[in-house]
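# Secondary and tertiary structure notes
Here is what each chain is made of, one letter per residue.
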Amino acid sequence: MIVAFSVSPSAAEEDGGVSEAVARAVKVVRESGLPNSTNAMFTNLEGSWDEVMDVVKRAVEAAGEGSSRVGLVLKADIRPGYEGQLTAKVERVEKHLSD
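Position numbers for residues count from 1 along each chain, tracking the sequence in the order it is written. Two thresholds apply to this predicted model, a pLDDT of at least 70 for residue-level local features and 80 or more for giving and counting side-chain atom pairs, whereas whole-chain, interface and lining totals are computed over all residues. Side-chain measures here rest on the full set of heavy atoms in the structure, leaving out hydrogens and waters.

## Observations regarding the pattern of salt bridges
What counts, and what does not: Each salt bridge in this description consists of a side-chain nitrogen of Lys or Arg and a carboxyl oxygen of Asp or Glu lying within 4 Å of one another. Only DSSP runs of H or I with at least four residues qualify as helices, and only runs of E with at least two residues qualify as strands; both kinds are numbered from the N terminus onward. Burial classes follow relative accessibility: with a 1.4 Å probe on protein chains only, a residue under 20% of its type's maximum area counts as buried, one over 50% as exposed, and anything between as partly exposed.
The tally for this structure, following the rule as stated, stands at six salt bridges. The salt bridge involving Glu 31 is made with Lys 27; its shortest N-O contact spans 3.9 Å. Taken as a pair, Glu 31 and Lys 27 lie in helix H1 (residues 19–31) at a separation of four residues, close to a single helical turn. Under the relative-accessibility criterion, Glu 31 is labelled exposed at 60%. Residue Lys 27 is classed as exposed on the basis of its relative accessible area of 51%. Here Lys 95 and Asp 99 are joined by a salt bridge, their closest N and O atoms 3.9 Å apart. Taking relative accessible area as the criterion, Lys 95 reaches 52% and is therefore assigned exposed.

## Considering the sheet that holds strand E2 (residues 36–38)
Here is the rule: Any two strands with at least two DSSP-identified bridges between them are counted as paired. Simply put, an axis is a line fit to the C-alpha atoms, just over the touching stretch for a helix, and the angle between two N-to-C directions goes from 0 to 180 degrees. Working rule for contacts: check all heavy atoms of both residues, and any pair within 4.5 Å makes them a contact.
Pairing within the open sheet is antiparallel, and its four strands lie in the order E2-E3-E1-E4. The outermost strands of the open sheet, each flanked by one partner alone, are E2 and strand E4 (70–77). In this sheet, neighbouring strand axes are inclined to one another by 20° on average, regardless of whether the strands run parallel or antiparallel. Here strand E1 (residues 2–9) runs beside strand E3 (residues 43–46); their pairing, made up of four bridges, is antiparallel. Its bridge partner lying in E3, Val 3 is registered against Leu 45. Across the sheet, helix H2 (residues 49–63) touches E1, E3 and E4, and the angle it forms with E1 is around 15°.

Any link to function would need more than the numbers given here.
Here it is, written out as structure tokens:
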């Protein structure tokens, strides 16, 4: 499965940003060893249901340190029997664009 998720704590930085909290969450994701990528809006993570949800839970906890509330947006592509789709899906689109 691939999960795209975004976390945002209620306690923002002085400028209204949340980059420090998001960095804590992304660190958890990267240290998980699961395939992942981060862009301006979401972090994408690929693995089994249990692996991915464990990492998302720990990432939310890390982002929420020092905050009384955390928002989580999560979208999942659950496709049993498929692996490597984090890059393969993009490669298929790129192939169509180059035709």
